[in-house]
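Coordinate analysis (summary)
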Amino acid sequence: MIRFKDVSKQYSTKDGGLTAVNDVNIEINDGEIFGIVGYSGAGKSTLVRMLDGLEAPSTGEIDIDGTDVAKLSGSALRKQRQKIGMIFQHFNLLWSRTVIDNVALPLEIAKVPKNKRLQRAESLIKLVGLEGREHSYPSELSGGQKQRVGIARALANEPTILISDEATSALDPDTTNEVLELLLKINKEMNLTILLITHEMHAIAKTCDKVAVMDSGQVVESGTVFEVFRHPQQQVTKNFVSEEFTTQKGDTTMTLEELVKKYPEGQLVRLIFHGPQAELPIVSDVIKRYPDLTISIISGAIHQTQEGALGSLDLQFIGDESKINDALGYLKTMRVGTEVIHHE
Amino acid sequence: MSNSTGLKSYFQFHSVDWSAMRSATWETVWMTLLSMIAVVIFGIILGLILYETRSKQGIGFKIINWVVGLLVNIFRSIPYIILIILLLPVSKALVGTIIGPKAALPSLIVSAAPFYARMVESYFREVDSGVIEAVESMGATTWGVITKVLLPESKPALIAGATVTTISLIGYTAMAGAIGAGGLGNLVYQEGFQAYNNTITLVGTIIICIFVFVVQFIGDRFVKMTDKRTL
């Protein structure tokens, strides 16, 4: 169990104080995959660096299984760090070491005997699917393979927590998915708590159970991924969710503003379906019930989250204002989430 | 001694005392290698001290950094020929003599080690800070970071810097030779310059050049062998 309690972090800079993390309260249960999403500069990385004791919070407590990390120092802190594995955006492998020696490095630091070290490294390399590349150097590997080495290395000391700090941000979409699937597999097989820091909602939707949205140092929204996707409250969350729903493979990303510009007439409405409604013919129902309305489909997407499928459909309604409201009311009774994106 | 004048004077090979040439070459080689080993050891230690005390908090670190930095800067800025003379009493105290190759060692080391230390410090600063942080997050001590990250990850640069330093050491040995340290510098100064034997000068030059080329070649080979960043 990880608990951030009233955690703040201030830096003093030449232009005065800077609050990187502002009064954060988060609880993460064992075995959970917890996502922290936010734009760069939102304070995500500072938060996890404090979890690893690389930085100390200005105020507040960071509790891991009953230990206040902020109070540790010296060898107690180093021991604690061995219980946390970390993977990074730029992999941070040692180019001077082969794959197997990179994976064995945390064990060397923990003074594990050599034959045991190599045995463990060997089995981890197998786990991440890099058999046969043990004696390659990082420069001979692709980005995805390097991150697999990073993951194997992070798992070497049998940690209870794995922190992924933008670990897929430098990878292409296919490789990102492979790495995320590997993280899911590890989470299930080893019952590892995973903390996923990212600015990609896609990574959150695919892997996380819960998510916290950060904006300028604060957690502005948190909950299960399913809930946050269905009912985003804050503008920043809406942006993230919308980004994810409008980004389709092979399609150019269309922001809300662009959608509005392209379809200025009538009302632009986003419907969010989940679970069983996704299987009902709701849209054709609406068309039959309200024959005076012109409805055109602009875009749609379906996302697999850890709790089930989530669909979104952007529709343009043209017609009488009152009729449109009736139609939206009907959709609500069918328990479909509706959000008016633009009103003429 | 040769009586020839003009360009022909360079090619009077019968006038060369080859056994003196051989022993002078040997003196130059071992003076260079011995001082190189000491320079690399002291340079890395000083470089490490400079690197590790640079950005640390605490008044103790700041004082160490300032003192070491000052000494390094002072000895780096003294022209070598003056440094030898300055250190003559030190050489006398340390090795018991002020002539011969042994007497040149203290001044060779004192002049080149600070030069190399500054290079070492900059190589350590170029090591990816993300990698250092990754290894710290594994629970490594400062010593662990030094032995597992800093030294291995800057090895090619350390070797390249040592090669450059060794080549300038060869130049210094010749200068030291002129004031009695022996080696090719001494031979060329006495026989070539003072006794007007241009052939000795030419042969000495060629041998020094070959020595420099060999050092450069070996250095480059080691850099290539240890650098795994591009394959």
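Residues numbered from 1 in each chain as written. Chains lettered and ligands numbered in written order. Predicted model: local features only at pLDDT ≥ 70, side-chain atom pairs only at ≥ 80, totals over all residues.

Now for the UniProt feature "domain: ABC transmembrane type-1" (unreviewed entry) in chain B. In the numbering adopted here, UniProt assigns the feature "domain: ABC transmembrane type-1" (unreviewed entry) to residues 25-219 of chain B. For residues 25-219 of chain B, the helix share is 88%, the strand share is 0%, and the end-to-end C-alpha distance is 20 Å. (UniProt positions renumbered as here; feature names shortened; annotations may be inferred. Helix = DSSP H or I, 4+ residues; strand = E, 2+ residues; numbered from the N terminus.)

Glancing now at the domain arrangement of chain A. Residues and elements named next belong to chain A. Each assigned domain of chain A is listed with its residue range as follows: domain 1 (2-232) and domain 2 (248-343). Taken over C-alpha atoms, the centre of domain 1 sits 37 Å from the centre of domain 2. Facing the 10 residues of domain 1 at the interface are 9 residues of domain 2. The element that contributes the greatest number of residues to the side of domain 1 that touches domain 2 is helix α8 (residues 225-230), accounting for 4 residues. Partitioning the side of domain 1 that touches domain 2 into residue classes produces 6 nonpolar, 2 polar and 2 charged. (Domains from an automatic or database assignment. Contact = placed C-beta atoms within 7 Å. Nonpolar A, V, L, I, M, F, W, Y, C, P; charged D, E, K, R; others polar.)

Further remarks concern the UniProt feature "domain: ABC transporter" (unreviewed entry) in chain A. Per the UniProt record, the feature "domain: ABC transporter" (unreviewed entry) sits at residues 2-241 of chain A. Between the end C-alpha atoms of residues 2-241 of chain A there is a gap of 26 Å, over a span that is 38% helix and 28% strand.

Here we come to the interface of chain B and chain A. Facing 20 residues of chain B, the contacting portion of chain A comprises 21 residues. Put simply, the parts of the chain that give the side of chain B that touches chain A at least two residues each are α6 (129-137) and α7 (142-153) of chain B. In terms of residue count, the dominant contributor to the side of chain B that touches chain A is α6(B) (6 residues). A class-by-class count of the residues in the side of chain B that touches chain A yields 7 nonpolar, 6 polar and 7 charged.

Here the focus is the nonpolar core. The biggest cluster of nonpolar side chains holds 139 residues, and the ones touching the most others in it are V103(A), I125(A), L195(A), L196(A), I204(A) and L108(B). Here this core takes 13 residues from helix α5 (residues 101-126) of chain B, the largest share from any one element. Each of two domains, domain 1 (2-232) and domain 2 (248-343) of chain A, supplies a minimum of three residues to this core. Setting aside residues up to four positions removed in sequence, I204(A) forms contacts with G35(A), V37(A), L196(A), T198(A), V211(A) and V225(A). (Core = buried A, V, L, I, M, F, W, Y, C linked by C-beta atoms within 7 Å. Buried ≥ 20, exposed ≤ 12 C-beta atoms within 10 Å, placed from the backbone.)

On to the pairing of strand β8 (residues 193-198) of chain A. Residue and element names in this part refer to chain A. With 6 of its 6 residues buried, β8 lies for the most part within the structure. Side chains of β8 alternate between two faces, with T193, L195 and I197 and I194, L196 and T198 buried alike. By the bridge criterion, 5 bridges tie strand β3 (residues 33-37) to β8 in an arrangement that is parallel. The residue of β8 that forms the bridge with F34 is L195. (Pairing = 2+ DSSP bridges.)

Residue and element names in this part refer to chain B. Viewed as axis vectors pointing N to C, helix α1 (residues 18-54) and α5 meet at an angle of 40 degrees, and their least axial separation amounts to 6 Å. What the angle tells us is that α1 and α5 run oblique. Relative to α5, α1 is oriented so that their crossing is right-handed. Residues that form the contact of α1 with α5 fall into these classes: 23 nonpolar, 3 polar and 3 charged. (Axes fitted to C-alpha atoms, helices over the stretch in contact; angles between N-to-C directions. Parallel < 35°, antiparallel > 145°, perpendicular 65-115°, else oblique. Left-handed = near helix turned anticlockwise from the far one by under 90°.)

Glycine aside, negative phi is the norm for most residues, and most peptide bonds take the trans geometry. All names here are of chain A. Phi angles above zero are rare outside glycine, and D65 is one such case at about 45 degrees. As for its position among the elements, D65 is in the loop between β4 (59-64) and β5 (67-68). Owing to 12 C-beta atoms within 10 Å, D65 belongs among the exposed residues under this scheme.

What follows covers the confidence of the model for chain A. Residues and elements named next belong to chain A. On average, residues of chain A score 86 in pLDDT, and 95% of them reach the 70 mark or higher. Per-element confidence in chain A ranges from a low mean pLDDT of 69 for helix α10 (residues 256-262) to a high of 95 for helix α3 (residues 99-109). Considering only residues more than four positions removed or in separate chains, one finds that residues 248-253, a stretch of pLDDT under 50, has 4 contacts. (pLDDT = per-residue confidence, 0-100.)

All names here are of chain A. Residue position: M190 is located in helix α6 (residues 173-190). Judged by the 16 C-beta atoms lying within 10 Å of it, M190 is partly exposed. Sequence separation of M190 and V69 is 121 residues, and the distance between their C-alpha atoms is 23 Å.

Okay, the packing of α3(A) against helix α4 (residues 114-127) of chain A next. Packed helix pairs are specified by the crossing angle of their axes together with the interaxial distance, meaning the distance between the axes. All names here are of chain A. Relative to each other, α3 and α4 sit at 125 degrees, their axes nearing to 9 Å. Classified by the angle between their axes, α3 and α4 sit oblique to one another. The way α3 lies across α4 gives a crossing that is right-handed. Residues V99, I100, V103, A104, L107 and E108 of α3 form the contact with α4, whose own contacting residues are R117, L118, R120, A121, L124 and I125. Its residues assigned to classes, the contact of α3 with α4 comprises 9 nonpolar, no polar and 3 charged.

This part is about the sheet that holds strand β14 (residues 337-343) of chain A. Residue and element names in this part refer to chain A. The strand order across the open sheet formed by 4 strands is β12-β13-β11-β14, and the pairing between neighbours is antiparallel. At either margin of the open sheet sits one strand with a lone partner, and together these are β12 (294-305) and β14. Recorded for the sheet is a direction-independent mean angle of 20 degrees between the axes of neighbouring strands. Across 8 bridges, the pairing between strand β11 (residues 267-274) and strand β13 (residues 308-318) is antiparallel. Its bridge partner being in β13, F273 is matched across the sheet by G311.

Residues and elements named next belong to chain A. What the 6 strands build is an open sheet, ordered β6-β7-β8-β3-β9-β10; its pairing is mixed. On the outer flanks of this sheet lie β6 (84-88) and β10 (218-224), each paired with one strand and no other. Averaged over all pairs of adjacent strands, the angle between their axes in this sheet comes to 15 degrees, without regard to strand direction. Judged from the 5 bridges that link them, β6 and strand β7 (residues 161-165) form a sheet pairing that is parallel. Opposite M86, over in β7, you have I163 as the bridge partner.

The subject of this paragraph is the pairing of β11(A). All names here are of chain A. The element β11 is extensively covered by neighbouring structure, given that 8 of its 8 residues are classed as buried. Burial along β11 is two-sided: Q267, V269, L271 and F273 and L268, R270, I272 and H274, pointing in opposite directions, are all buried. Looking at chain direction, β11 and β14 are connected through 6 bridges and run antiparallel. Bridged to L271 within β14 is T338.

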